[in-house]
Amino acid sequence: MARPLGPVRLKKASPVTLAIGAVFCILVLYFLIGSSAPDFSASRKASAASHPLSPPTSPFRKSTGGGKPKAPPVAHYNLNNVTITSDPLGNRENILLLTPMARFYQQYWDNLLKLSYPHELITLGFILPKTKEGNAATTELQKQIAKTQKSGPEKDRFKSIIILRQDFDPPLQSQDEAERHKIQNQKVRRAAMAKARNSLLFTTLGPATSWVLWLDADVIETPASLIQDLARHNKPVIAPNCFQRFYNTEKKAMDERPYDFNNWQDSPTAVELAKKMGPDDILLEGYADMATYRALMAYMHKADGLRQETVPLDGVGGAALLVKADVHRDGAMFPPFSFYHLIETEGFAKMAKRLGWQPFGLPNYKVYHYNE
Amino acid sequence: MLPFTSSGSKVVPRHHVSGYSNGYPRGNTFEISPHRFTPRGTTPISRRRKRLFVRLGIVAAILFLFGLITWNGGSVLSVLSLGLLSSSDGFQLETVRYYDLSNVQGTARGWEREERILLCVPLRDAESHLGMFFSHLKNFTYPHNLIDLAFLVSDSKDRTLDVLTESLEEIQNDADENQHFGEISIIEKDFGQIVNQDVESRHGFAAQAPRRKLMARARNWLLSAALRPYHSWVYWRDVDVETAPFTILEDLMRHNKDVIVPNVWRPLPDWLGGEQPYDLNSWQESETALALADTLDEDAVIVEGYAEYATWRPHLAYLRDPYGDPDMEMEIDGVGGVSILAKARVFRYGAHFPAFSFEKHAETEGFGKMAKKMQFSVVGLPHYTIWHLYEPSVDDIKHMEQMEKERLAKEAEEKEKAEKSKKIKEEFGDATGQWEQDKTKLQNIALQAKKEKEAAEKKTEDQPAAAAQAPAQGQQKVEEKQGGAKT
């Protein structure tokens, strides 16, 4: 034997080795705990569904253990108990915030996070087209969602988020403002938009929603108390006035101008125009070669007007729109066809009226559209 | 065996022995034995301090980490269990759902592609039909785990809700896993009842428009609460279907149409003809009806099957041939609601059951119109029939009462007749039996007489007078009897 055997004494570990070991231990510990999903408070857990097959407006329990999944439970929902009142905060009413999205704007997301309504009562729903642009927007959106829902503070996290991808191709590849607003493209474009809105609405509405807030992806600035402010009026359908900030070269300063012309009150001229049209033709607002002389809410805005002032409307836009869930449940949807010569959001207003729900507008309550 | 192992009980450390392994004893040489125990001296103060710092550092790091996790909303327990037991004290929440709607378009062979169906059933005071409905449900051949059930219970005064819940829980707890359905939602919503649910008030003409609008609202509420992004198909089914093939879902799906309905008939009692078309809401549009629609005001609703609106439309129901090809399709414009299979896409895009007058139609007929307007295919199968339960109308009940009365009267009459004839028989006896008896008696007598005659012939001389007397007596008796029967 070359080397004599004997009780081998451990070599003295250097403090550096110990320190590295400790760091590793901590890392292992950290990943063991940190790898699990973010923890939620008890009240959020209580409202969660127990099975993945459940209304998407609430989060569900992820199956952690192996073993066979249990049969889904028999779930009861009493819609008589779903309140829709002027005090949604006090009655802890659930809001479904729906956004058809073609492009992702960081300002839009930041604005969402600033909403002062408790986020644990807000469910977000998105629908994006399956185009190159849509894919990019989805990636961006998912990045922001992961940031908020996984690592953000709990008060920022939303109750539940649904991302849908459209099952039809948008008729126009270009989202250019000029191309988008061409009159001959409008009917096809808005029919596709209506289908996207309906797809998003009817798959996410669920049995617990009290209010549906439609907010376009290019609305980048709203008051933080938007939901409370709109719900306070307790109207079936209510639309704020959508403006756009721009740099006024004449005044050499930032200025704002009306943007959404789909909020209007009907005029005798428009009624006459409609009578002469074919059954599938639609009347559009904001085009010079089709003067309707409708009273547009965009121009009813007064700088010194009361923010709470309401006006009844016959057509609404979708930039921002708060709707009682019951209106949608009764069947009011965004017609993707000519409905009384109206389409999409304007057709929705008409359909709501046919069902006995009167839409209203807030001419002096402003939200802002992105400027391209 | 080795030399050093045999050195008695005294165990000598091996290396000491091996030190002499070359055979030569070492002298008193200088030796440093690193393996011999030497008591440790005191560690230098600098190293002790360093070690203290390291230990303090570790403790601080652990405390920091602990604090970080608990402050971030985690529980102390989850840290102590190293996150491994976190599932035991609670569960993890998933808040984000992602769905690609192009994966749920609906195809002709949905069961192979695991396409989910939403089965919608509107209910009101339907307790008595639930047993029959569940027997149909259990027999569906479409994989149960792919069927999501949604029920709307509205304005019910009977035990519909309790019976429904019990039956569903029984199915979900069934030992046979193939019986378990997917998501099950029971939705309660009262709309305030405008019309009674009994047959007469339900089918009266005046009640139709408001009733249909209300039904439409109920259907829309049910659908909007239960439709999910993962549904490929939606199947509407009434509880009061009595007979339908178990394969109905696959049968309808195979046609790969956007909206498809079977023919709906109902069996009738024999006195009413045995069977009858039931669902008259599946029809093709006619010029007459379009012209009629133009004359009506905005809120009017054309309802089919009433003399008030003669539309002259071809009805799916009347085109049935019991021996026709069940796969034959027919384009229709209005659909009936007893059994509708539609692609979920139809409802996702916005088609619904108008609770207002949509092109002068409401509910399922309006749905057919709206689906057509949105360029969906709407098809009926004239020779594929399911059977609706027969519920007698008030007239039928009256008629049946009348028939029952007649039957009873007839029975009583027959009974009376039978009794009368029995009485007659009792009073006057039965002649036929007597005849036979008499006949045999007569024959006996005749026989006896013959014998006697023969005997007498033998002794002719002895007793000629006695032989002549006997037949005469028998004849007298017969004459007496005959006289009695004649009277």
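The name that an unreviewed UniProt entry assigns to chain B is Anp1-domain-containing protein, with the source organism given as Apiosordaria backusii. Recorded in UniProt under Sequence similarities (unreviewed entry), the annotation for chain B is "Belongs to the ANP1/MMN9/VAN1 family." Of chain B, the UniProt comment under Subcellular location (unreviewed entry) reads exactly: "Golgi apparatus membrane".

An unreviewed UniProt entry annotates chain A as Anp1-domain-containing protein originating from Apiosordaria backusii. Chain A has a UniProt comment under Subcellular location (unreviewed entry) that states "Golgi apparatus membrane". Per UniProt, the comment on chain A under Sequence similarities (unreviewed entry) is "Belongs to the ANP1/MMN9/VAN1 family."

Caption draft 1: Up close: the overall build of chain A. Broken down by element type, chain A carries 10 helices and 14 strands. For chain A, with 372 residues in total, the buried portion stands at 53%. Once local pairs closer than 6 in sequence are excluded, the contacts in chain A between residues at least 24 apart make up 77%. Accessible area of chain A: about 16500 Å², with a carbon and sulfur share of 57%.

Caption draft 2: Structural view of the overall build of chain B. Looking only at helices and strands, chain B features 15 helices and 12 strands. Put simply, chain B has 487 residues, and 43% of those count as buried. Of the contacts made within chain B by residues no fewer than 6 positions apart, 78% connect residues no fewer than 24 positions apart. Summing over all exposed atoms, chain B offers an accessible surface of approximately 27600 Å²; the carbon and sulfur share of this is 54%.

Caption draft 3: Region of the structure containing the pattern of salt bridges. Taken as a whole, this structure holds 47 salt bridges over all chains when the rule is applied. The salt bridge partner of Glu 298 of chain B is Arg 354 of chain A, with a shortest N-O separation of 3.9 Å. Of this pair, Glu 298 of chain B sits in the loop between α10 (287-295) and β10 (330-331) while Arg 354 of chain A sits in helix α10 (residues 344-354), on two different chains. For Glu 298 of chain B, a relative accessible area of 39% puts it in the partly exposed group. Classification of Arg 354 of chain A by relative accessible area gives buried; the value is 13%.

Caption draft 4: Structural view of helix α12 (residues 363-373) of chain B. All names here are of chain B. Burial analysis of α12 places nine of its 11 residues in the buried class, which makes it a mostly covered element. Of all the residues in α12, the buried ones are Glu 363, Thr 364, Glu 365, Gly 366, Phe 367, Gly 368, Lys 369, Met 370 and Ala 371. Its buried side turned inward, α12 meets α8 (208-226), β8 (259-267), α10, β11 (339-343), α11 (344-348) and β12 (378-388).

Caption draft 5: Main features of the packing of α8 of chain B against α12 of chain B. Residue and element names in this part refer to chain B. Between α8 and α12, whose axes approach to 8 Å, the crossing angle comes to 65°. Relative to α12, the element α8 lies roughly perpendicular. In contact with Arg 212, Met 215, Ala 216 and Arg 219 of α8, α12 contributes Glu 363, Thr 364 and Glu 365.

Caption draft 6: Broad picture of the side chain of Thr 160 of chain B. Structurally, Thr 160 of chain B is set in helix α6 (residues 160-172). Those residues in contact with Thr 160 of chain B that lie beyond four places of it in its chain are Leu 123, Asp 125, Ala 126, Glu 127, Leu 130 and Val 153 of chain B.

Caption draft 7: A look at the interface of chain A and chain B. Contact with chain A, which involves 79 residues of that partner, is made by 75 residues of chain B. At the boundary of chain A with chain B, total buried surface from both sides reaches about 7100 Å², with 62% on carbon and sulfur atoms. The interface formed by chain A and chain B holds six salt bridges in total. Where Lys 130 of chain A meets Asp 100 of chain B, a salt bridge forms, and the shortest distance between an N and an O atom there is 2.4 Å. Our enumeration of links across chain A and chain B arrives at 37 residue pairs in polar contact (both at pLDDT 80 or more). At eight residues, the largest contribution of residues to the side of chain A that touches chain B is made by helix α1 (residues 15-34) of chain A. In this sheet, strand β5 (residues 184-188) of chain B lies alongside strand β2 (residues 74-78) of chain A in parallel orientation, the contact comprising five bridges. When the bridges of β5 of chain B are listed, Val 74 of chain A appears paired with Ile 184 of chain B.

Caption draft 8: A look at the packing of aromatic side chains. Enumeration over the complete set of coordinates arrives at 24 aromatic pairs over all chains. Considering the side-chain rings of Trp 214 of chain A and Phe 334 of chain A, the 4.9 Å spacing of their centres and the 80° angle between planes classify their relative orientation as edge-to-face. Of the two residues, Trp 214 of chain A sits in strand β6 (residues 209-215) while Phe 334 of chain A sits in the loop between α9 (325-329) and α10, which places them 120 residues apart along the sequence. Comparing Trp 214 of chain A with Phe 334 of chain A, the two get one shared label, buried. Where Tyr 349 of chain B meets Phe 376 of chain B, the ring centres are 6.1 Å apart and the plane angle is 35°; that geometry is what we call tilted. With Tyr 349 of chain B in the loop between α11 and α12 and Phe 376 of chain B in the loop between α12 and β12, the pair connects residues that are 27 residues apart, well separated along the chain. The class of Tyr 349 of chain B is buried, set by a relative accessible area of 4%. With a relative accessible area of 8%, Phe 376 of chain B lands in the buried category. Here the basic side chain of Arg 245 of chain A rests over the ring of Tyr 368 of chain A, its NZ or CZ set 3.8 Å away from the ring centre. The side chain of Arg 329 of chain A reaches across the aromatic face of Trp 221 of chain B, ending 5.5 Å from its centre.

Caption draft 9: Spatial organisation of the nonpolar core. Core analysis: the largest hydrophobic core is formed by 82 residues, its most contacted members being Trp 214 and Phe 348 of chain A together with Val 234, Trp 236, Val 259, Phe 347 and Phe 367 of chain B. With near-sequence residues (within four places) excluded, Val 259 of chain B lies in contact with Val 335, Ile 340, Leu 341, Ala 342, Val 346, Phe 367, Ala 371, Ser 377, Val 378 and Val 379 of chain B.

Caption draft 10: View of empty space enclosed by the protein. This model, assessed by the stated rule, comprises one cavity of 30 Å³ or more. The space that makes up the largest cavity amounts to roughly 40 Å³. If you trace the largest cavity, you find it lined by Phe 202, His 328 and Arg 329 of chain A together with Asn 220, Leu 223, Ser 224, Phe 347, Ala 351 and His 352 of chain B. With three residues, α8 of chain B is the single largest residue contributor to the lining of the largest cavity.

Caption draft 11: View of the side chain of His 129 of chain B. For His 129 of chain B, the location among the structural elements is in helix α5 (residues 127-139). Non-local contacts of His 129 of chain B, meaning those with residues more than four positions away in its chain, are made with Val 239, Asp 240, Leu 389 and Glu 391 of chain B.

Caption draft 12: Structural detail: a nonpolar patch on the surface. Residue and element names in this part refer to chain A. Taken together, the side chains of Val 16, Ile 20, Val 23, Phe 24 and Leu 27 present a nonpolar region at the surface, about 470 Å² in accessible area. Position of Leu 27 relative to the elements: it lies in helix α1. Overall, the relative accessible area of 39% leaves Leu 27 in the partly exposed class.

Caption draft 13: Quick look at the environment of Leu 201 of chain A. Residues and elements named next belong to chain A. For Leu 201, the location among the structural elements is in helix α6 (residues 183-204). The class of Leu 201 is buried, set by a relative accessible area of 0%. Leu 201 sits 75 residues away from Phe 126 along the chain, and the two C-alpha atoms are 9.7 Å apart. When near neighbours in sequence (up to four residues on either side) are disregarded, Leu 201 contacts Leu 98, Val 212, Trp 214, His 328 and Ala 332.

Caption draft 14: Highlighting α10 of chain A. All names here are of chain A. In terms of burial, α10 is a largely internal element, nine of the 11 residues being buried. Taken together, the buried positions of α10 are occupied by Glu 344, Thr 345, Glu 346, Gly 347, Phe 348, Ala 349, Met 351, Ala 352 and Arg 354. Looking one or two residues past α10, Gly 356 carries a phi angle of roughly 90°, positive in sign.

Caption draft 15: Just the environment of Ala 344 of chain B, in detail. Residues and elements named next belong to chain B. Within the secondary structure layout, Ala 344 lies in helix α11. The spacing of Ala 344 and Leu 227 is 117 residues in sequence and 8.1 Å in space, taken between C-alpha atoms. Among residues more than four places away in sequence, those in contact with Ala 344 are Leu 227, His 231, Ser 232, Trp 233 and Val 234.

Reading guide: rules and limits
Residues numbered from 1 in each chain as written. Chains lettered and ligands numbered in written order. Predicted model: local features only at pLDDT ≥ 70, side-chain atom pairs only at ≥ 80, totals over all residues. Heavy atoms only, no water. UniProt positions renumbered as here; feature names shortened; annotations may be inferred. Helix = DSSP H or I, 4+ residues; strand = E, 2+ residues; numbered from the N terminus. Buried < 20%, exposed > 50% of the residue type's maximum accessible area, 1.4 Å probe, protein only. Contact = heavy atoms within 4.5 Å. Areas by Shrake-Rupley, 256 points an atom, 1.4 Å probe, with all protein chains shown as cover. Salt bridge = Lys/Arg side-chain N within 4 Å of Asp/Glu carboxyl O. Axes fitted to C-alpha atoms, helices over the stretch in contact; angles between N-to-C directions. Parallel < 35°, antiparallel > 145°, perpendicular 65-115°, else oblique. Buried area = accessible area lost by both parts, 1.4 Å probe. Polar contact = N/O pair within 3.5 Å; in protein donor to acceptor, adjacent residues only side chain to side chain. Pairing = 2+ DSSP bridges. Phe/Tyr/Trp six-rings, centres within 6.5 Å; stacked < 30°, edge-to-face > 60°. Lys NZ or Arg CZ within 6 Å of the ring centre and 35° of its normal. Core = buried A, V, L, I, M, F, W, Y, C linked by side-chain atoms within 4.5 Å. 1 Å grid on protein atoms, 1.4 Å probe; cavity = no way out; pocket = protein on both sides within 12 Å on 5 of 7 lines; lining within 4 Å. Points joined across faces, edges and corners; volume = space filled by probe spheres on them. Patch = residues over 30% accessible without salt bridge, like charges linked within 9 Å, V, L, I, M, F, W, Y side chains within 5 Å.

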